[in-house]
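For reference, the chains in residue letters:
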Amino acid sequence: MRAIIAGLVVMSAVEIGAARGGEVVKLTLKSTEQSAPWKFASYLKVGGTEMIKGPCFYSSNNGQTWTKQSVLPDFDSNLPYGYRRSAYPLFVDPVNGNVIQLVLSLDTPGLDPHIVEPAVGEEAYYLRYRVSEDGGKTYLFDEPIIQQGKTLENPFDEVYLGKTGIYVGDSGSQIIRTRSGRMIIPAQSSKLGPDGKLWNPGGGWTYTDAVMILGSWQDDNRLRWETSEFIKGDPARSTRGMIEPTLADMPDGRLLGVMRGSNGGKHDPDHKIPSYKWYSVSTDDGRHWSKPKPWTYDDGKPFFSPSSMSQLLQHSSGRCFWIGNISPANSKENDPRYPLVIGEVNGHTLKLIKSTVLEIDTKRPDEPGVNLSHWWGLEDRVTHDIVIAGDRHSQGYKTSTPVTYRVSIQEPIAP
């Protein structure tokens with residue numbers, strides 16, 4: 001039974017155990033609250049409960065209440081008509097405390113600002129960044145992200161502004177700081193074909209390769225940028241290539257990247273291509289990556305997942321969890337984006353431990369459909385719950401209801 005108490009839906013406890021080296025790890029769906037104050041929030045300091053969320057909200061009490069603060073300078077108000085600056089969620093470096101604001105940028109004069117995801121973006125998106133030393137109150141600069149020795153017109157190898165765009169996908173593609181101190185932005189880039197024009201070999205909505213933008217802090221609080229090699233998909237197996245990578249720095253030093261793929265499009269109208277998530281591994285701090293393969297359960301069996309975002313989340317217990325959509329049958333491009341699940345990643349095989357997969361939410365009997373995507377996951381420092389804040393979007397994204405899920409991790413009890 002579910003009981004509704006003052007807007008809080010208290011779920012019956014669901015515990016999933018997994019044998020792992022003699023341990024039993026339990027995930028429990030603790031509660032579902034019909035609000036999302038933690039969406040896009042990050043902790044502001046190495047310790048404590050101060051939080052921020054972009055561009056200008058601050059909490060001193062672990063997200064219980066929020067106040068708006070002024071942010072200076074204003075970089076965006078006087079841009080030419082048609083230019084766009086869309087800030088991604090803020091990232092706080094867990095070591096030096098610097099706040100990084102990534103900004104999706106598009107400098108296209110006269111472009112209608114009401115067009116959502118304009119097609120020209122695949123040729124013209126680029127990234128800017130801003131750094132704050134005082135908790136996001138003031139930013140030191142606003143600059144394009146360009147590899148050392150490159151130009152804005154050719155900011156990275158194989159990226160040419162006006163021909164190929166480079167951008168970050170959904171909110172699961174969060175910046176990480178590796179144990180070596182390297183900053184990594186998980187990004188994606190459209191591709192040029194043999195004719196020098198935008199290339200779509202898979203026949204889907206778009207086509208991209210994943211790429212990691214690697215940053216190293218300099219004395220002036222700027223970052224020196226370079227890129228990894230591209231993580232290239234097979235258009236015959238994913239019609240949109242590799243999309244929206246999410247990253248984790250695993251205990252043995254390997255980096256795990258999990259990516260969205262897709263089927264469908266003009267080359268696969270009957271959706272016969274299996275709908276998988278894909279994974280790639282780096283053993284050299286993000287410079288080089290293995291050829292992407294379908295991500296599977298730890299028993300080697302594949303699972304279906306729609307073309308939707310996912311997130312790897314590293315917990316203070318040392319464990320790594322994955323949040324995403326798993327389908328009972330082959331998906332059709334983006335659908336269905338339910339149920340929403342969480343499970344533990346095996347630290348040795350880097351696969352998803354099937355016996356830990358816990359359903360967080362799914363379509364209700366009275367709903368024609370639901371989209372459980374575009375959320376934000378983080379760990380509550382006080383309770384150590386995993387908090388997943390976002391919205392329950394209706395079929396077709398016509399309406400949305402805010403929601404926050406809490407999942408508790410119950411550590412094994414020593415005999």
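Residues numbered from 1 in each chain as written. Predicted model: local features only at pLDDT ≥ 70, side-chain atom pairs only at ≥ 80, totals over all residues. Heavy atoms only, no water.

Could you clarify how one ought to interpret the overall build of the chain in this entry?
Helix and strand counts for the chain come out as 1 helix and 33 strands. Whereas a compact globule of 415 residues would reach a radius of gyration of roughly 22 Å, the chain reaches 21 Å, a difference of no more than 12%. Principal axes of the C-alpha set define a box for the chain whose edges measure 60 × 50 × 45 Å. By residue count, 54% of the 415 residues in the chain fall in the buried class. The contacts of the chain with a sequence gap of at least 6 include a subset with a gap of at least 24, amounting to 57%. Surface accessibility of the chain: about 18,400 Å² in total, with carbon and sulfur atoms responsible for 53%. For the chain, the separation between the mean place of its 45 positive charges and that of its 48 negative charges on side chains is 3 Å. (Helix = DSSP H or I, 4+ residues; strand = E, 2+ residues; numbered from the N terminus. Rg over C-alpha atoms; globule rule 2.2 N^0.38 Å. Buried < 20%, exposed > 50% of the residue type's maximum accessible area, 1.4 Å probe, protein only. Contact = heavy atoms within 4.5 Å. Areas by Shrake-Rupley, 256 points an atom, 1.4 Å probe, with all protein chains shown as cover. Lys, Arg positive; Asp, Glu negative; His and termini not counted. Charge placed at Lys NZ, Arg CZ, Asp CG, Glu CD.)

Could you clarify how one ought to interpret the side chain of Ser282 in this entry?
One can find Ser282 in strand E24 (residues 277–282). At 3.0 Å, the side chain of Ser282 forms a polar contact with the side chain of Asp284. (Polar contact = N/O pair within 3.5 Å; in protein donor to acceptor, adjacent residues only side chain to side chain.)

What's the story with the side chain of Ser238 in this structure? I'm lost.
As for its placement among the helices and strands, Ser238 is situated in the loop between strand E21 (223–227) and strand E22 (243–249). A polar atom in the side chain of Ser238 sits 3.1 Å from the backbone nitrogen of Ser262. When neighbours within four sequence positions are excluded, Ser238 is seen to be in contact with Tyr207, Gly261, Ser262 and Trp278.

Explanation requested: the pairing of E21 in the structure shown.
Looking along a regular strand, one sees side chains alternate from face to face of the sheet. Counting buried residues along E21, 4 of its 5 residues qualify, which places the element largely inside the surrounding structure. In this structure, strand E20 (residues 208–217) lies alongside E21, joined through 5 bridges in antiparallel fashion. From the neighbouring strand, Leu214 faces E21, where its bridge partner is Glu226. The hairpin formed by E20 and E21 contains 5 residues between the paired strands, and Asn221 there has a positive phi angle of roughly 65 degrees. (Pairing = 2+ DSSP bridges.)

Any chance you could explain the packing of aromatic side chains here in plain terms?
Two aromatic rings are characterised by how far apart their centres lie and by the angle between their planes. Counted according to the given criterion, the structure contains 12 aromatic pairs. Both rings, one in Tyr129 and one in Phe141, keep their centres 5.2 Å apart while their planes meet at 75 degrees; by these two values the pair is edge-to-face. Of this pair, Tyr129 sits in strand E14 (residues 126–132) while Phe141 sits in the loop between E14 and strand E15 (142–144), and the two are 12 residues apart along the sequence. There is no split in this pair, since Tyr129 and Phe141 are both buried. For the pair Phe303 and Trp322, a centre-to-centre distance of 6.0 Å together with 50 degrees between the ring planes defines the contact as tilted. (Phe/Tyr/Trp six-rings, centres within 6.5 Å; stacked < 30°, edge-to-face > 60°.)

Looking at this structure, I do not really get unusual backbone geometry. What am I missing?
Across the junction of Asp335 and Pro336, the peptide omega takes the value -5 degrees, indicating a cis bond. Relative to the helices and strands, Pro336 resides in the loop between strand E27 (320–325) and strand E28 (340–344). Residue Pro339 is reached from Tyr338 by a cis peptide bond, and omega for that bond is -5 degrees. By secondary structure assignment, the location of Pro339 is in the loop between E27 and E28. Although it is not a glycine, Asn62 adopts a positive phi angle of roughly 60 degrees. Relative to the assigned elements, Asn62 resides in the loop between strand E9 (57–59) and strand E10 (67–68). In this model, Asp285 sits at a positive phi of 65 degrees, which is unusual for a non-glycine residue.

What is the right way to read the sheet that holds strand E25 (residues 293–294) from this model?
Backbone hydrogen bonds are what pair the strands of a sheet, in a parallel or an antiparallel way. In space, the 4 strands of this open sheet follow the order E22-E23-E24-E25, with antiparallel pairing throughout. Here the strands that pair on one side only, and so sit at the sheet edges, are E22 and E25. Judged from the 5 bridges that link them, E22 and strand E23 (residues 255–260) form a sheet pairing that is antiparallel. Across the sheet, the residue bridging to Thr246 is Val258, located in E23.

I'm lost on the sheet that holds E9 in this one. Help?
Spatial strand order, E7-E8-E9-E10: 4 strands in an open sheet with antiparallel pairing. Unpaired on one side and paired on the other, strand E7 (41–43) and E10 mark the two borders of the sheet. In the sheet, E7 pairs with strand E8 (residues 51–53) via 3 bridges, with the strands oriented antiparallel. For Ser42, the partnering residue across the bridge sits in E8 and is Ile52.

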